[in-house]
Amino acid sequence: MDNITDEEKAVVDELRKRTINEVTPKMLEDASVFYRFAKARNFNLGAAEAMLRKHIAWRKELEVDTILTDYKPPELFLKYTSVAFVCFDKTGCAVLTHDVGRSDVKGVLQSAKKSECIKFSTYFNEQGKEQVIQHSGNGNVSPL
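Here, residues in each chain are numbered from 1, in the same order as that chain's written sequence. Confidence filtering applies because this is a predicted model: local features only for residues at pLDDT of at least 70, side-chain atom pairs given and counted only at 80 or more, and all residues used for totals across whole chains, interfaces and linings. Where side-chain values are given, they derive from all heavy atoms of the structure, hydrogens and water being excluded.

You'll find the chain entered in an unreviewed UniProt entry as CRAL/TRIO N-terminal domain-containing protein, with Larinioides sclopetarius given as the organism.

See the structure below:
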């Protein structure tokens, strides 16, 4: 974020001002959150704001901020999917595996609602994100 122009910095600052009251405390742990949304929309303030607001609504709907403590994955996913964190590679990146050959993907998709699959995927991704942050040794480091 150090190599951004004054115009880009102004967009990031304005995006922060417009949305700071809606961004959750958990999201604010990532110092680059406003920059990432601005950059994703080529520093178009209106588009970045719309995208961030949709993201905030999605996080609230799925209760992402508390998913690791409040959500208990259904037995269906724990028993019939083979998704796991393996280790960190030599550059510090998380290595994850999804052994589709040992999973009953078709059965899981037929047995679970789409919303349950999305919630479990979000839960697994948040677990991985937390492991990367802990591994970095600095809670302010963004895994993205």
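Draft legend 1. Spotlight on the pairing of strand β2 (residues 94-98). When DSSP locates at least two bridges between a pair of strands, those strands are taken to pair. Here a helix means four or more residues in a row that DSSP labels H or I, a strand means two or more in a row labelled E, and each is numbered from the N terminus. With 5 bridges connecting them, strand β1 (residues 83-88) and β2 associate as antiparallel partners. Its bridge partner lying in β2, Cys87 is registered against Val95. In sequence, β1 turns back onto β2 through a hairpin of 5 residues, with Gly92 there showing a positive phi of about 95 degrees.

Draft legend 2. Broad picture of the nonpolar core. Only buried residues count toward a nonpolar core, which is a set of Ala, Val, Leu, Ile, Met, Phe, Trp, Tyr and Cys residues joined through side-chain atoms within 4.5 Å. Only protein chains enter the accessibility calculation, which uses a 1.4 Å probe; a residue whose area is less than 20% of its type maximum is buried, one above 50% is exposed, and one in between is partly exposed. Core analysis: the largest hydrophobic core is formed by 15 residues, its most contacted members being Leu15, Phe34 and Leu52. Every element with two or more residues in this core is listed here: α1 (6-19), α3 (33-40) and α4 (45-62). It is α3 that provides the largest number of residues to this core, a total of 5 residues. Look past the residues within four positions of Leu52 in its chain and what remains in contact with it is Leu15, Thr19, Val23, Met27, Phe34 and Phe37. Whether two residues are in contact is decided by their heavy atoms: any pair within 4.5 Å suffices.

Draft legend 3. Local environment of the packing of α1 against α3. For the pair α1 and α3, interaxial distance at closest approach is 9 Å and the crossing angle is 115 degrees. Judged by the inter-axis angle, α1 sits roughly perpendicular to α3. Crossing of α1 over α3 shows right-handed handedness. In this structure, α1 contributes Val11, Val12, Leu15, Arg16 and Thr19 to the contact, and α3 contributes Phe34, Tyr35, Phe37 and Ala38. When residues are grouped by polarity, Ala, Val, Leu, Ile, Met, Phe, Trp, Tyr, Cys and Pro land in nonpolar, Asp, Glu, Lys and Arg in charged, and all others, Gly among them, in polar. Of the residues assigned to the contact of α1 with α3, the class counts are 7 nonpolar, 1 polar and 1 charged. Structural elements are reduced to axes, namely lines fitted to C-alpha atoms, with helices fitted over the stretch in contact, and the angle between N-to-C directions of any two is expressed from 0 to 180 degrees. Oblique is the label for any angle not under 35 degrees, not over 145, and not in the 65 to 115 range, which are roughly parallel, roughly antiparallel and roughly perpendicular in turn. Helix crossings are classified by the rotation of the near helix relative to the far one: an anticlockwise turn of less than a right angle makes the crossing left-handed, while a clockwise turn makes it right-handed.

Draft legend 4. Representation of the layout of surface pockets. Every definition here rests on a 1 Å grid over the protein atoms only: cavities are sets of points where a 1.4 Å probe fits but cannot get out, pockets are open sets enclosed by protein on both sides within 12 Å along at least five of seven lines, and lining residues have some atom within 4 Å of a point. Grid points are joined across faces, edges and corners, and a volume is the space filled by probe spheres set on the points. Volume-wise, the second largest pocket comes out at about 230 Å³. Taken together, 13 residues line the second largest pocket, and the ones lying closest to its centre are Thr81, Val83, His98, Phe120 and Ser121. Broken down by secondary-structure element, the contributors of at least two residues to the lining of the second largest pocket are α7 (105-111) and α8 (114-136). Its residues assigned to classes, the lining of the second largest pocket comprises 8 nonpolar, 5 polar and no charged.

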